[in-house]
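Notes for the structure review
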Amino acid sequence: VWFGGKFPWGDKDRLVVNIFYYPSTMININTDVVRPDEIKSLNDLLDPKWKNKIIINDPTVTGSGFNGFSSLVYNKVVDQDYFRKLVSQQNQMLRDQRLQADWLARAKYTVALWAVPEQLAAFQEAGAPIASIQPVEGTYLSIDGGGVVLVRGAPHPSAAKVFINWILSKEGHAFIQDKMQQQGSRNDIPTQGIDQERVRKPGGKYFIGANSIEEWVLNEQDKYLDIAKQIFSPLLER
């Protein structure tokens, strides 16, 4: 019943359980200017017609932009040279996530990479022509801090075990999925009422986000931050 057909351990020592696995949106467009069929693949973003039309959430600091960049490179969906080509198109990069959503809504930039969904939602609710694109290469799954552990030495360990077992049951999973509005790691829970962009689609291509893998966070995160700074430094200087 679990995504990928295996229990969602979050670490090699099997101490952490990931209770969420929901798709992260990487590409958004302003549909007044861009047709959804114009961008089907990540490689389409390298077309010269998108020069200086893409607003990028800064991947040189931890956050949505870095999660997207590192997950794509770590999972070998694209290589570092892909992003060097993207940078060469002189697109804009910033850290102000609300401003990124605002500029996309007003078509100052027509494509957004790694925008934060919560920021986009406010503009979409107001009627802004913003839509998401699911590239053929797939997207990464986030756990959104949904790691469950049993703390050693904490009071009432038996009650804690009962609670954890309930959270992992179909009933408990359905409850927390509904309250958090994120798809859980079980496949057998109805997803009505959840934003369908946060729901895994049958036949969709998905891979685990790099920042959801404990060993990667402990051993490689700083290395990937350095790589991002090297690649995106031309945009930092704009």
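Residues numbered from 1 in each chain as written. Predicted model: local features only at pLDDT ≥ 70, side-chain atom pairs only at ≥ 80, totals over all residues. Heavy atoms only, no water.

**Observations concerning the pattern of salt bridges**
If the charged atoms of two oppositely charged side chains come close together, the side chains can form a pair. Cut-off, in case you're wondering: Whenever a carboxyl oxygen of Asp or Glu lies within 4 Å of a side-chain nitrogen of Lys or Arg, that contact is scored as a salt bridge. The buried label applies to any residue whose accessible area, calculated with a 1.4 Å probe on protein chains only, is under 20% of its type's maximum; exposed applies above 50%, and partly exposed to all values in between.
Evaluated as defined, the whole model comprises nine salt bridges. Ionic pairing is found between aspartate 102 and arginine 106, a salt bridge with its closest N-O pair at 3.0 Å. When its relative accessible area of 54% is taken as the criterion, arginine 106 is described as exposed.

**Remarks on the sheet that holds strand E8 (residues 139–142)**
As a reminder of what qualifies: Strand pairing is assigned whenever DSSP detects at least two bridges linking the two strands. Secondary structure elements follow DSSP: runs of H or I no shorter than four residues count as helices, runs of E no shorter than two count as strands, and numbering proceeds from the N terminus.
One open sheet accounts for three strands, arranged E2-E8-E10; its pairing is mixed. The open sheet has two edge strands, strand E2 (22–23) and strand E10 (206–208), and neither has a second partner. As paired elements, E2 and E8 share two bridges and run antiparallel to each other. Across the sheet, the residue bridging to tyrosine 22 is serine 142, located in E8.

**Details of the packing of aromatic side chains**
How we decide: In summary, the pairing rule links any two rings of Phe, Tyr or Trp, Trp by its six-membered ring, whose centres are within 6.5 Å, and it sorts them by plane angle into stacked for under 30 degrees, edge-to-face for over 60 and tilted for everything else. Two conditions define a charge located above a ring, namely a distance within 6 Å from the ring centre to NZ of Lys or CZ of Arg, and an angle within 35 degrees of the ring normal.
In this structure the tally under the stated criterion is 15 aromatic pairs. Taken together, a centroid distance of 6.3 Å and an interplanar angle of 35 degrees make the contact between phenylalanine 163 and tryptophan 166 tilted. In this pair, phenylalanine 163 and tryptophan 166 both sit in helix H5 (residues 157–168), three residues apart, roughly one turn of the helix. Judged by its relative accessible area of 28%, tryptophan 166 falls in the partly exposed class. Ring geometry for tryptophan 166 and phenylalanine 175: centres 5.7 Å apart, planes at 50 degrees, overall tilted. You can call phenylalanine 175 partly exposed: its relative accessible area is 45%. Among the aromatic side chains, those forming a connected cluster through ring pairs are Phe69, Tyr82, Phe83, Trp114 and Phe232. Positioned over the ring face of tryptophan 103 is lysine 108, at 4.0 Å from the centre of the ring.

**What about the packing of helix H1 (residues 64–74) against helix H8 (residues 221–236)?**
Rule in force here: In this analysis an axis means a line fitted to C-alpha atoms, helices contributing only their contacting stretch, and an angle means the value between N-to-C directions, from 0 to 180 degrees. Working rule for angles: under 35 degrees goes down as roughly parallel, over 145 as roughly antiparallel, 65 to 115 as roughly perpendicular, anything else as oblique. Between two residues, a contact is recorded if the distance between any of their heavy atoms is within 4.5 Å. Note that Gly is not counted as nonpolar here; it falls among the polar residues with everything else outside the nonpolar set of Ala, Val, Leu, Ile, Met, Phe, Trp, Tyr, Cys and Pro and the charged set of Asp, Glu, Lys and Arg.
At their nearest, the axes of H1 and H8 sit 10 Å apart, and the two run at 100 degrees to each other. By the angle class used here, H1 and H8 are roughly perpendicular. Residue-level contacts link Phe66, Phe69, Ser70, Val73 and Tyr74 of H1 to Gln221, Tyr224, Leu225, Ile227, Ala228, Ile231 and Phe232 of H8. When its residues are assigned to classes, the contact of H1 with H8 shows ten nonpolar, two polar and no charged.

**Examining the sheet that holds strand E5 (residues 92–94)**
A sheet is described by the order of its strands in space; here five strands give the open sequence E5-E4-E6-E3-E7, paired in mixed fashion. Of all strands in the sheet, those bounded by a partner on one side alone are E5 and strand E7 (130–133). The sheet shows a mean angle of 25 degrees between the axes of neighbouring strands, taken without regard to direction. Pairing geometry for strand E4 (residues 54–57) and strand E6 (residues 111–113), over three bridges, is parallel. Bridged to isoleucine 55 within E6 is alanine 112.

**Observations regarding the nonpolar core**
Proteins that are soluble and globular tend to have nonpolar side chains buried together. Spelled out, the test is: By convention a nonpolar core is built from buried Ala, Val, Leu, Ile, Met, Phe, Trp, Tyr and Cys residues, the set being connected through side-chain atoms within 4.5 Å.
Counting residues in hydrophobic clusters, the biggest one holds 35 residues, and the most contacted among them are Phe69, Phe83 and Phe232. For this core, the secondary-structure elements that each account for two or more residues are strand E3 (27–30), E4, H1, helix H2 (80–87), E6 and H8. Per-element tally for this core: the top contributor is H8, with seven residues. Other than its neighbours up to four places away in sequence, phenylalanine 83 contacts Phe69, Leu72, Val73, Val78, Trp114, Ile231 and Phe232. Residues Ile55, Ala101, Trp103 and Ala105 belong to the second largest nonpolar core, which totals 13 residues.

**Re the pairing of E4**
Neither face of E4 is exposed, since Ile54 and Ile56 on one face and Ile55 and Asn57 on the opposite face are all buried. With three bridges connecting them, E4 and E5 associate as parallel partners. Within E5, the residue paired with asparagine 57 across the bridge is leucine 94.

**Digging into the packing of helix H3 (residues 97–105) against helix H4 (residues 117–125)**
Definition in use: Crossings are classed by handedness, with left-handed meaning an anticlockwise turn of the near helix from the far one by less than a right angle and right-handed meaning a clockwise turn.
Following both chains from N to C, one finds H3 and H4 inclined at 40 degrees, their axes separated by 9 Å at the closest point. On the basis of the axis angle, H3 is oblique to H4. Viewed along their axes, H3 and H4 form a crossing whose handedness is right-handed. Here H3 contributes Gln97, Arg98, Ala101, Asp102, Leu104 and Ala105 to the contact with H4, which in turn contributes Gln119, Leu120, Ala122 and Phe123. Split into classes, the residues belonging to the contact of H3 with H4 amount to six nonpolar, two polar and two charged.

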